[in-house]
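Descriptive structure summary
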Amino acid sequence: MEEEIKSEFRKAGFNLDDEEEILNKCMAFCINYSLSPTDLVSNWEVYYLNRVLNNDDDAKFTAPGTPTNHHEDLHSPAREAMSLTNGNILSSGKPTELVTPFSKRTDRFAVKFSINTVPDTENEKQAPDHESDEDDVIRKVKPCKRCSLVIHGSGPKPGCRFMHDRTEDRMNVIENRIRKHTRALVASGLYGEPTDPTIASQRSIFAVGMICCDAEGRLNDKSVMLQGSVEHSGGECVRLDLQRLSHFSIFPGQVVGIEGHNPSGHCLVASKLVDSIPPSTVADDEDLNPAKKLAIDKSQSIDIPSKDTELSVIIAAGPFTTTDNLFFEPLVELLGYAKRRQPQLLILLGPFVDSEHPNIKKGTVDKTFDEIFHNDILSKLQDYVECMGSAARVLLVPSIRDANHDFVFPQPELDISLPDLTPQIISLTNPGIFEANEVKVGCCSVDILKQVSGEEISRTAPDGQSTDRLSRLANHILSQQSFYPLYPPAEGVPLDFSLAPEALQLPLVPDLLILPSDIKYFVKVLNVGSEETKCKRCIAVNPGRLAKGEGGGTFVELDYRGGSDKINASVIGI
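Quick caveat: nothing in here was measured; it's all calculated off a predicted structure. (Residues numbered from 1 in each chain as written. Predicted model: local features only at pLDDT ≥ 70, side-chain atom pairs only at ≥ 80, totals over all residues. Heavy atoms only, no water.)

1. Section: unusual backbone geometry
Across the junction of G318 and P319, the peptide omega takes the value 10°, indicating a cis bond. Topologically, P319 is positioned in the loop between strand 10 (310–317) and helix 10 (329–341). Even without a glycine there, the phi angle at N437 is positive, about 55°. Mapping N437 onto the fold places it in the loop between strand 14 (432–436) and strand 15 (439–443). (Helix = DSSP H or I, 4+ residues; strand = E, 2+ residues; numbered from the N terminus.)

2. Concerning helix 13 (residues 448–455)
Turning to helix 13, its buried residues are I448, L449, Q451, V452 and S453. Packed against the buried residues of helix 13 are helix 14 (469–479) and strand 18 (522–528). (Buried < 20%, exposed > 50% of the residue type's maximum accessible area, 1.4 Å probe, protein only. Contact = heavy atoms within 4.5 Å.)

3. Let's talk about the nonpolar core
Ranked by internal contacts, the top residues of the largest apolar core, which has 44 residues, are F409, Y484 and L513. When contributions to this core are tallied by element, the ones reaching two or more residues are helix 7 (167–187), strand 3 (201–213), helix 13, helix 14, strand 18 and strand 19 (536–542). With near-sequence residues (within four places) excluded, Y484 lies in contact with F409, V446, I448, Q451, P489, A490, V493, L495 and L504. One finds F328, F352, I360 and L378 within the second-largest nonpolar core, a separate group that totals 36 residues. (Core = buried A, V, L, I, M, F, W, Y, C linked by side-chain atoms within 4.5 Å.)

4. Quick notes on the pattern of salt bridges
Using the criterion set out here, one finds 16 salt bridges in the structure. Measuring nitrogen to oxygen at the nearest pair gives 3.3 Å for the salt bridge that ties D165 to R170. The exposure class of R170 is partly exposed, given its relative accessible area of 24%. For the salt bridge of E168 with R166, the shortest nitrogen-to-oxygen distance reads 3.7 Å. For E168, a relative accessible area of 47% puts it in the partly exposed group. The class for R166 is partly exposed, based on a relative accessible area of 48%. (Salt bridge = Lys/Arg side-chain N within 4 Å of Asp/Glu carboxyl O.)

5. Describing helix 7
With 21 residues, helix 7 should cover 30 Å at 1.5 Å per step; its first-to-last C-alpha distance of 30 Å lies within 8% of that length. Three or more residues of helix 7 are buried, namely D169, V173, I174, E175, R177, I178, H181, T182 and L185. Where helix 7 terminates, the next one or two residues include G189, which has phi positive at roughly 80°. (Expected span 1.5 Å × (residues − 1).)

6. Quick notes on the sheet that holds strand 1 (residues 111–116)
Within the open sheet, the seven strands sit side by side as 1-23-22-10-11-12-13. Their pairing is mixed. Two strands close off the open sheet at either side, each with one partner strand: strand 1 and strand 13 (425–427). Direction aside, the axes of adjacent strands within the sheet are offset by 15° on average. Note that strand 1 and strand 23 (residues 566–573) share five bridges and pair antiparallel. Following the sheet pairing, F113 is matched in strand 23 by V571. Packed onto the sheet, helix 12 (residues 369–388) meets strand 11 (345–349), strand 12 (393–397) and strand 13 and runs at close to 155° relative to strand 12. (Pairing = 2+ DSSP bridges. Axes fitted to C-alpha atoms, helices over the stretch in contact; angles between N-to-C directions.)

7. Considerations on the pairing of strand 4 (residues 224–228)
Within strand 4, five of the five residues are buried, which leaves the element mostly enclosed by the surrounding structure. Residues V224, L226 and G228 line one face of strand 4 and the alternating positions M225 and Q227 line the opposite face, and both faces are buried. Two strands pair when backbone bridges link them, and strand 3 and strand 4 are joined in this way by five bridges, in the antiparallel orientation. By the bridge assignment, M210 is partnered in strand 4 with Q227. Looking at chain direction, strand 4 and strand 5 (residues 237–241) are connected through three bridges and run antiparallel. Bridge assignment links M225 to a residue of strand 5, and that residue is R239.

8. Some words on the environment of V111
Counting through the fold element by element, V111 comes out in strand 1. Separated by 460 residues in sequence, V111 and V571 have C-alpha atoms that sit 5.9 Å apart. The residues contacting V111, other than those within four sequence positions of it, are S570, V571 and I572.

9. Things to note about the packing of aromatic side chains
Evaluated as defined, the whole model comprises eight aromatic pairs. Their ring planes at 70° and their centres at 5.2 Å tell us that Y337 and F555 sit as a pair that is edge-to-face. With Y337 in helix 10 and F555 in strand 22 (residues 554–563), this pair connects stretches of sequence that are 218 residues apart. Residue class for Y337 comes out buried when judged on its relative accessible area of 0%. Aromatic side chains Y487 and F497 sit 5.9 Å apart centroid to centroid with 70° between the ring planes, which places their arrangement in the edge-to-face category. One end of the pair, Y487, is in the loop between helix 14 and strand 17 (512–514); the other, F497, is in the loop between helix 14 and strand 17, with 10 residues separating them in the sequence. Of the aromatic side chains, those joined through ring pairs into one cluster are F109, Y337 and F555. Above the ring of F102, the side-chain terminus of R105 is found at 3.8 Å from the ring centroid. Directly above the aromatic system of F109 lies the positively charged group of R340, at a separation of 5.7 Å from the ring centroid. (Phe/Tyr/Trp six-rings, centres within 6.5 Å; stacked < 30°, edge-to-face > 60°. Lys NZ or Arg CZ within 6 Å of the ring centre and 35° of its normal.)

Shown next as structure tokens:
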């Protein structure tokens, strides 16, 4: 880093060859605020150098903006900076003190919600205080142990062709889902062989099919249809009467089992609805083909903890910058927090370069989307892992809102192009499944919770306990064994059924399920399965959004100590 800083300063007309003290301070600024040498010099070099020369180390720092050209226009970062600083600009055109709404926030790193089931007696961590000594932040630290990491790769590959799915592909995916549910329900021994639900019958029958609506518009209890499989009913639909059910929760695309009778042949009167597949008794390794596993580090076995299923992780979802600028201040703050807390794994879910950001929608940025991603995102992550040491790992999950990535779902991994840091900064497909210290994790950046919430209809038994809506929404993903069970897909979701349809499958109950959403943040322990079957448990996490409007959002810090009943988790406001 020292030579890079010298080189960048030479380009700007400064020579630091004999200025060891200033050079050391510049290196400290880079490490402390997750800046690259290019950011330090080419962004607002006079502003930084002025602070360094005047020993203004303790001055309140606010993040710099994107590099600019030396000419101004109505939307240039320099003019934007002038409006933010009331015109207080140096002769070089750089602001003397940049103040943004995000930098003026007062409630920093406040715990919004927490679950603590295990006393934190081992390796006491520093309290989540945003203030800390400079030496504590700058010094290189290492997490206690490096986590193992295995990617279960079944998603599309970078550069794949998409937008080629046909009606036949869509029908095949639906048929395969219905058949899979049918086999699982019959194999449980609790239900008999399904029959055709469209045939008139006075006796009780059992049928399996997909919930759909009889017309365009939102589903209601009068418009519910059941589409059977091609195998049992030729793919025909029958009206479904749910009046006799005391409770249910359904949405279009959900595959269910129905016990009932169809006296007329036109309407199936349900007496029981089965909305989940019994948890599989098959070993997980059979569901997750070993041939598709990718061990990130061949030498990782020496770093696996003695207690394999322990993991410390910080989880955050984009956007990573506020809507009034592209300074990525929330990301800088998050990385500073992670340096103090030293998690084994940092999981970041997109969007990273948000296509919904006002500056990007207006086209007022002076860099390409790839340049923003590499210069403003990856460079900060690279500085983070270099500061933390070889034990740090960062996992990136793209989003369909990423302007620099393929607009398709499922989505291939991001092109990060960091060969020297491949074992430390890794990209995952969207959705994706991986194991860290043998803790199985599933994640998807599409807001499926909000989309299912908008289409779901439910009924609660009058004498029954009210159900937790957020838990119910997350349980739909697990019970359907699909990252995206909604059909037809929500508007704006570029679902391509010809592109690795197995990537949407969730063939196991993961220990941790990450589903970022615009609905309220949560950490829930879910019970998966019915009363007749053996339940499994899963921790569902919605970290919220790291940036909300011009202010900060939330993220999640979680310590997993061997089971869903042994966790410490906190939702923290940035």
